[in-house]
Amino acid sequence: MLGAMDLFDDLQARGLIHDSTDRTALAERLSAGSISVYVGFDPTADSLHAGNLVGQVMLRRFQLAGHKPFPLAGGATGMVGDPGGRSDERNLLNRETLQANLAKIKVQLERLLDFSPGPQQAELVDNATWTEPMGVLDFLRDVGKHMTVNQMLAKESVKTRIESEHGLSFTEFSYMLLQANDFRHLREHHGVEMQMGGSDQWGNITAGIDQIRRRLGVASFGLTWPLLTRTDGQKMGKSVAGALWLDPDKTSPYQFRQYWMQLPDEDVERFLLQLTLRPVAEIAELMTEHRGDPGKRLAQRALAADVTAMVHGRAAAIAAEQAAGVLFGGDPLTASIEALEVVASEVPTTMVERADLADLVALLVRTGLATSNGDARRGIQQRGFRVNGRQVDPSQTAVHTEKPLHNRYILLRKGRSTFHLLEISPT
RNA sequence: GGGUCGAUGCCCGAGUGGCCAAAGGGAGCAGACUGUAAAUCUGCCGCGCAAGCUUCGUAGGUUCAAAUCCUUCUCGGCCCA
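Residues numbered from 1 in each chain as written. Chains lettered and ligands numbered in written order. Predicted model: local features only at pLDDT ≥ 70, side-chain atom pairs only at ≥ 80, totals over all residues. Heavy atoms only, no water.

**Concerning the domain arrangement of chain A**
One can read the domain layout of chain A as domain 1 (4-225), domain 2 (253-334) and domain 3 (347-424). Centre-to-centre separation of domain 1 and domain 3, based on C-alpha positions: 49 Å. (Domains from an automatic or database assignment.)

Below you can see the structure in the form of structure tokens.
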């Protein structure tokens, strides 16, 4: 466990500090004793995604170092939409959707942190609780009065949007004020001295610091981490299928784990540092070992194991690993029934009748492995499919030449890493 | 409101009466090589087993034949008011 003294250095070593208010002052404050710190998460979707993970882990790091984390759910800010990081106006979510999103996200925010009673107990807050009751005039007089438009216009996120063809609505323009007010509220009523966020949040954070200084006459701290990027240009946490969600119903633990497993070598060290709680020295050792034999993917394995366990729990992480072991390991023909059952729970599975096995093309379309009959035929022609681990010969039209595994399962594979399991109904 | 230019497949973009299911690039998919990575090379990339069918903003029209010509409408850029 990390002592308070080392936290700042540790963050620095992990490359987690992009911007911060006066570093020496911050480092001193952190070592002086426990501090309360918050990170906000807006309910823009019905689940958090991999991009939100750094923030959650950051709070955890602070908690482990003896500080008190405040995950904040943006029940109010989610109503408005942050103009940062996008070129066009956001569509407003209706209240029902927002409430549903909020409920799900709150559950996810509770996963990584320790909420058991104690001085470092995490506290989940929702900015709707203090923003909703505030009247327009209160808002204008109390919050708006302490911020000049000049200052707001100077913020990067506002500037880019004003220059864009879509413009910027007053609603989104006001977002910064709401966030600034959040910080002030938390400072005033919960003693939260520090706010953190991705580097795109810097403007909003400093707006809060200003707000606090003007209204409460005290200083506070801000810290941003660099946005996680992938060297291959792909958006972090976006797979081909879409976002990498933390909700197991939207992205299964198996798929989740696969994302990290398949990361390019160039990214894996950075991700280990920024996303896992492994000590820096241990990661350095691991990387040396990894470079000795990169084919073993030791670093990816470690990353995938840690992050999956963090989000989905130890048991789910192990199941996902076992499933991958069957799929990418040896011959599926030798897999045990138990192992196959794990696979069935992790990989998309379709129930079929024995008679369906006569038409391979139809099955490929039905399982989604091919988009059309023609696509399926082309794939077969190009030897892109495997049944139970054996490449499908272009002349083959049926599956039933293969013996079902344990008389029950047929494993379809497209290319390198796309699988689908057929379960033959017992009737 | 007037004028003008434009709208092509997932994206960009060529095509200005037949040789066009439509060049080229990107993305994507597969194969080879590998390490569940990257790079590279190869193939595929509207639907259909095929005959063929449906596509080039929309709706009509001219023609043996239209993405290409004419008209309507919708949307977008630019210029003028």
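Let us keep going from here.
**Looking at the sheet that holds strand S4 (residues 125-126)**
Strand order in the open sheet formed by 6 strands is S1-S6-S5-S2-S3-S4, with mixed pairing between adjacent strands. Edge strands, defined here as strands with exactly one partner in the open sheet, are strand S1 (19-20) and S4. Across the sheet, helix H3 (residues 53-64) lies against strand S2 (36-41), strand S3 (68-73), strand S5 (192-198) and strand S6 (221-225), angled at about 165 degrees from S2, the strand it touches most. Across the sheet, helix H12 (residues 202-216) lies against S1, S5 and S6, angled at about 175 degrees from S6, the strand it touches most. (Pairing = 2+ DSSP bridges. Helix = DSSP H or I, 4+ residues; strand = E, 2+ residues; numbered from the N terminus. Contact = heavy atoms within 4.5 Å. Axes fitted to C-alpha atoms, helices over the stretch in contact; angles between N-to-C directions.)

**Side note on empty space enclosed by the protein**
Applying the stated criterion across every chain yields a total of 1 cavity of 30 Å³ or more. Of the voids in this model, the largest cavity is the one considered here, and its volume is about 30 Å³. In terms of lining residues, the largest cavity is bounded by Asp 82, Pro 83, Ser 157, Val 158, Glu 172, Phe 173, Tyr 175, Met 176 and Asn 204. Elements with a minimum of two residues in the lining of the largest cavity: helix H9 (156-163), helix H10 (170-173) and helix H11 (175-190). Residues of the lining of the largest cavity, tallied by class, amount to 5 nonpolar, 2 polar and 2 charged. (1 Å grid on protein atoms, 1.4 Å probe; cavity = no way out; pocket = protein on both sides within 12 Å on 5 of 7 lines; lining within 4 Å. Points joined across faces, edges and corners; volume = space filled by probe spheres on them. Nonpolar A, V, L, I, M, F, W, Y, C, P; charged D, E, K, R; others polar.)

**A word on the confidence of the model for chain A**
With 92% of its residues at a pLDDT of 70 or more, chain A shows a mean pLDDT of 88. Note on the complex model: pTM 0.87, ipTM 0.85. (pLDDT = per-residue confidence, 0-100.)

**Comments concerning the packing of helix H14 (residues 265-275) against helix H15 (residues 280-292)**
Two elements in contact, H14 and H15, have axes whose closest approach is 10 Å; the angle formed by their N-to-C orientations is 160 degrees. Relative to H15, the element H14 lies roughly antiparallel. When you trace H14 past H15, the crossing you get is right-handed. Facing Asp 265, Val 268, Glu 269, Leu 272 and Leu 273 of H14, the residues of H15 in contact are Val 280, Ile 283, Leu 286, Met 287, His 290 and Arg 291. Residues of the contact of H14 with H15, tallied by class, amount to 7 nonpolar, 1 polar and 3 charged. (Parallel < 35°, antiparallel > 145°, perpendicular 65-115°, else oblique. Left-handed = near helix turned anticlockwise from the far one by under 90°.)

**Points about the packing of helix H17 (residues 314-328) against helix H18 (residues 337-346)**
H18 packs onto H17 with a crossing angle of 110 degrees between their chain directions and a minimal axis gap of 8 Å. With respect to H18, the element H17 is oriented roughly perpendicular. The segment H17 lies against H18, with Ala 319, Ala 320, Gln 322, Ala 323, Val 326 and Leu 327 engaging Ala 339, Val 342, Val 343 and Glu 346. A breakdown of the residues in the contact of H17 with H18 according to their chemical character gives 8 nonpolar, 1 polar and 1 charged.

**Some thoughts on the pattern of salt bridges**
Summed over all chains, the structure comprises 15 salt bridges. One salt bridge connects Glu 282 with Arg 278, and the closest N-O pair in it is separated by 3.3 Å. Bridged by salt links that share partners, the residues Arg 278, Glu 282 and Asp 306 form one connected network. (Salt bridge = Lys/Arg side-chain N within 4 Å of Asp/Glu carboxyl O.)

**What about the side chain of Ser 47?**
Structurally, the position occupied by Ser 47 is in the loop between S2 and H3. A polar side-chain atom of Ser 47 sits 3.1 Å from a polar atom in the side chain of Gln 108. A polar contact of 3.2 Å, which involves the side chain of Ser 47, links it to the backbone nitrogen of Asp 247. (Polar contact = N/O pair within 3.5 Å; in protein donor to acceptor, adjacent residues only side chain to side chain.)

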